[in-house]
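# Examining the three-dimensional arrangement
Chain residues, written in single-letter form:
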Amino acid sequence: MPECQPGTVILGVVDPGVGGPRAALVAQAGDHWLVGPDNGLFELVLRRSDAPVRRWHLNVAETGISASFHGRDVFAPAAAKLAQSLAAGTDPIATIPGHRVQPADTVPRPGADWPDDVAEVIHIDGFGNAITGMRADRIPRDARLALKGAGAGIARARTFCDVPPGTPFWYENALGLVELAVNGASAAESFGLAVGASVEVVGR
Amino acid sequence: MPECQPGTVILGVVDPGVGGPRAALVAQAGDHWLVGPDNGLFELVLRRSDAPVRRWHLNVAETGISASFHGRDVFAPAAAKLAQSLAAGTDPIATIPGHRVQPADTVPRPGADWPDDVAEVIHIDGFGNAITGMRADRIPRDARLALKGAGAGIARARTFCDVPPGTPFWYENALGLVELAVNGASAAESFGLAVGASVEVVGR
Amino acid sequence: MPECQPGTVILGVVDPGVGGPRAALVAQAGDHWLVGPDNGLFELVLRRSDAPVRRWHLNVAETGISASFHGRDVFAPAAAKLAQSLAAGTDPIATIPGHRVQPADTVPRPGADWPDDVAEVIHIDGFGNAITGMRADRIPRDARLALKGAGAGIARARTFCDVPPGTPFWYENALGLVELAVNGASAAESFGLAVGASVEVVGR
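Criteria and thresholds
- Residues numbered from 1 in each chain as written.
- Chains lettered and ligands numbered in written order.
- Predicted model: local features only at pLDDT ≥ 70, side-chain atom pairs only at ≥ 80, totals over all residues.
- Heavy atoms only, no water.
- Helix = DSSP H or I, 4+ residues; strand = E, 2+ residues; numbered from the N terminus.
- Buried < 20%, exposed > 50% of the residue type's maximum accessible area, 1.4 Å probe, protein only.
- Contact = heavy atoms within 4.5 Å.
- Areas by Shrake-Rupley, 256 points an atom, 1.4 Å probe, with all protein chains shown as cover.
- Buried area = accessible area lost by both parts, 1.4 Å probe.
- Salt bridge = Lys/Arg side-chain N within 4 Å of Asp/Glu carboxyl O.
- Least-squares fit on C-alpha atoms with pLDDT ≥ 70 in both.
- Polar contact = N/O pair within 3.5 Å; in protein donor to acceptor, adjacent residues only side chain to side chain.
- Domains from an automatic or database assignment.
- Expected span 1.5 Å × (residues − 1).
- Bend = angle between axes of the 7 residues up to and from the residue.
- Pairing = 2+ DSSP bridges.
- Axes fitted to C-alpha atoms, helices over the stretch in contact; angles between N-to-C directions.
- pLDDT = per-residue confidence, 0-100.
- Phe/Tyr/Trp six-rings, centres within 6.5 Å; stacked < 30°, edge-to-face > 60°.

### A word on the overall build of chain A
- Of the regular secondary structure elements, chain A holds three helices and eleven strands.
- Along chain A, helices (α) and strands (β) appear in the sequence β-β-β-α-β-α-β-β-β-β-β-β-α-β when read from the amino end.
- When the backbone C-alpha atoms are referred to their principal axes, chain A occupies close to 60 × 30 × 30 Å.
- Looking at chain A residue by residue over its 204 residues, the buried ones come to 40%.
- For chain A, contacts bridging at least 24 residues in sequence account for 60% of all contacts bridging at least 6.
- For chain A, the computed accessible surface area is about 10500 Å², with 55% contributed by carbon and sulfur atoms.

### Looking at the interface of chain C and chain A
- Contacts between the two partners involve nine residues from chain C, matched on the other side by seven residues from chain A.
- Taken together, both faces of the contact between chain C and chain A bury some 590 Å²; the carbon and sulfur share is 53%.
- Area buried by chain C at its contact with chain A is led by Gly-19, Ala-67 and Ser-68 of chain C, which between them contribute 53% of it.
- Where chain C touches chain A, the interface holds zero salt bridges.

### Structural notes on the relation of the copies chain A and chain B
- Aligned on chain B, chain A shows an RMSD of 0.0 Å; the corresponding rotation is 120° and the shift along the axis is 0.0 Å. On the angle and the small slide along the axis, the relation comes out as a three-fold axis. By C-alpha distance to the rotation axis, the residue of chain A lying nearest is Gly-126 of chain A, at 8.8 Å.

### Details of the environment of Ser-66 of chain C
- Considering the arrangement of structural elements, one finds Ser-66 of chain C in the loop between β4 (53-59) and α2 (70-88).
- According to the relative accessible area criterion, Ser-66 of chain C is buried, its value standing at 10%.
- Among residues more than four places away in sequence, those in contact with Ser-66 of chain C are Ala-174 of chain A together with Arg-72 and Asp-73 of chain C.
- Within the local environment of Ser-66 of chain C, its side chain forms a polar contact with the backbone nitrogen of Ser-68 of chain C, the two atoms lying 3.0 Å apart.

### Describing the pattern of salt bridges
- Applying the stated criterion across every chain yields a total of 30 salt bridges over all chains.
- In this structure, Arg-158 of chain A engages Asp-162 of chain A in a salt bridge whose closest nitrogen and oxygen atoms are separated by 3.2 Å.
- By relative accessible area, which is 36% here, Arg-158 of chain A ends up partly exposed.
- Close ionic contact of Arg-47 of chain C with Asp-116 of chain C constitutes a salt bridge, the shortest N to O distance being 2.8 Å. With Arg-47 of chain C in helix α1 (residues 43-47) and Asp-116 of chain C in the loop between β5 (100-103) and β6 (118-124), this pair connects stretches of sequence that are 69 residues apart.
- Overall, Asp-116 of chain C belongs to the partly exposed group, its relative accessible area being 40%.
- The structure contains a network of salt bridges with shared partners spanning Glu-43, Arg-47, Arg-109 and Asp-116 of chain A.

### Observations concerning the domain arrangement of chain A
- On domain assignment, one finds that chain A holds domain 1 (9-106) and domain 2 (118-203).
- Centre-to-centre separation of domain 1 of chain A and domain 2 of chain A, based on C-alpha positions: 35 Å.

### A few points about helix α2 (residues 70-88) of chain B
Residue and element names in this part refer to chain B.
- Here α2 spans 25 Å end to end across 19 residues, near enough to the 27 Å set by a 1.5 Å rise per residue.
- A maximum bend of about 30° is found in α2 at Ala-76, where proline Pro-77 lies one to four positions downstream.
- Buried residues along α2 sit in contact with β1 (9-11), β2 (24-29), β3 (32-37) and β4 (53-59).

### Structural notes on the sheet that holds β1 of chain B
Residues and elements named next belong to chain B.
- What the five strands build is an open sheet, ordered β1-β3-β2-β4-β5; its pairing is mixed. Two strands close off the open sheet at either side, each with one partner strand: β1 and β5 (100-103). Within this sheet the neighbouring strands show an average axis-to-axis angle of 25°, counted without direction.
- Across the sheet, α2 lies against β1, β2, β3 and β4, angled at about 165° from β3, the strand it touches most.

### Here we look at the sheet that holds strand β3 (residues 32-37) of chain C
Residue and element names in this part refer to chain C.
- An order of β1-β3-β2-β4-β5 is seen for the five strands of this open sheet, with the pairing classed as mixed. Of all strands in the sheet, those with a lone pairing partner are β1 (9-11) and β5, marking the two edges. Neighbouring strand axes in the sheet, compared pairwise and without regard to direction, differ in orientation by 25° on average.
- Relative to β3, β1 runs parallel, the two sharing three bridges. Within the sheet, the bridge partner assigned to Val-9 lies in β3 and is Trp-33.
- Along the sheet face, α2 touches β1, β2 (24-29), β3 and β4 and points at about 165° away from the line of β3.

### Quick look at the confidence of the model for chain A
- A residue-level look at chain A finds 97% of positions with pLDDT of 70 or above and a mean pLDDT of 92.
- Both scores are given for the predicted complex: the pTM is 0.87, the ipTM 0.84.

### So, the packing of aromatic side chains
- Within this structure, the stated rule accounts for twelve aromatic pairs over all chains.
- A ring pair is formed by Trp-33 of chain B and Trp-56 of chain B, whose centres lie 5.9 Å apart and whose planes are at 20°; its orientation type is stacked. In this pair, Trp-33 of chain B sits in strand β3 while Trp-56 of chain B sits in strand β4, placing the two residues 23 residues apart along the sequence.
- When its relative accessible area of 5% is taken as the criterion, Trp-33 of chain B is described as buried.
- With relative accessibility at 7%, the residue Trp-56 of chain B sits in the buried group.
- A ring pair is formed by Phe-169 of chain C and Tyr-171 of chain C, whose centres lie 5.6 Å apart and whose planes are at 45°; its orientation type is tilted.

Right under this line is the structure:
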């Protein structure tokens, strides 16, 4: 996380199991802190951290909070308190109010067995660009990507304006992931893509 | 409004009658302040306030403002000035610039005759969850809710992960209202719900 | 820009040519500063400025930034640094880090030949209101606007609640532009409007 200042607290909540048995996580990755559900949301950040990682679980109170909105009632207040403690130089873990905190370094990380890259469409944005779970720096720059209906495969371009309108291409998007696009059109429509569609790296 | 700090100013604008005869409201409910159109938007907040309520109307200038965007040109500046005055400890009502302010405690409140709860779907969110206007703490926890096509009625659950995928349930949502949901699916689609659909509390 | 405080820095990014040959612009219009792609985005602001306009181009680094997200990697950091320098009273142009800055006052402005007003629908909002590119103060207040299928033309109203439900009208919107609307309905649906539909000012 080189873009974040030391001491940054990152609050992340994608939490389909809210109110269920998944734990509430506070994690430290070097100078950065993460707060959210312990459901794998932060797995790749923790896995790829160069700095040492530590983890704690919050024992969430049973009463006085919504069963379906821990983002508001658990995680955001905990992240705010953490940021206050870090700014004040006090022990950030000792002082999260309303919750008992217990070390979780030895608890298995949900998602620890997930792959490093996913050769599938994982998101389609509002323009019809199809984002994959593949890191672009793991793919040869002259590789072609095969999709059903894309014939000989799709070649790489640096950005949209490097190809004529209507031309499909793949590129390294602003997250560092392989993204399929068509200049001026919807890649999802052009190739009938949906989340889960598999993407194959073929010969150069 | 226990979650808000004393002195909080709440700006709220849902204003289909903007530019028309509805008045511009500043209201005080104990330590909290509300600014927005006097069209009933704040009725339930004012009605349920434990603290004394006071109200004022702003006489909005005729010129120099948009007829269709009082949120930007009237309410937001008034709320900002109010917050400044409260922070400075000066009389918050005397100093709202650009408007004459007149007491409105004796003016009838639009919406004063509205019911306390509405046994209807009042909003459908992006996941197809159907929010009703019924406070959950007014409904027995073992009540069932009858909808057209829902057969014997829908039982309560605490949150999504307490029922199997595909199962409909009602629960107390994060606003304290009864919400109809299906784990992993759209309640609106499953039961053909639209805003205005009536919801009936049936035997336990 | 009378609503903005002196020293305001405005960051604007609508940038279909990102990563291509279009330049990166920093412009000064009197006490206000603009940062974004030099693709015409700020043309009307610069054209209509009463205060003197100055322009600079940033020579963007080739490495270490995304080819497709200059908003994040070029313009936002430059705008932040500019605001810091203005606040500190130091030369705002000398100190934009990571980029060489060169004067561009004599470089032709993209969009310099664009018309002052566009008699077309340029945007349709979520309610189906159709915003045109015509400034309302250039149109007689008793003018009627002709659309295909709108018969004798549409008359002006001050705001929505000045006409009965279901009645079409045009009005000066909160941006000062002519907007076509129907009280309680979608103008786009009512008249089959899409972006690019031409609008004609007809007899009073």
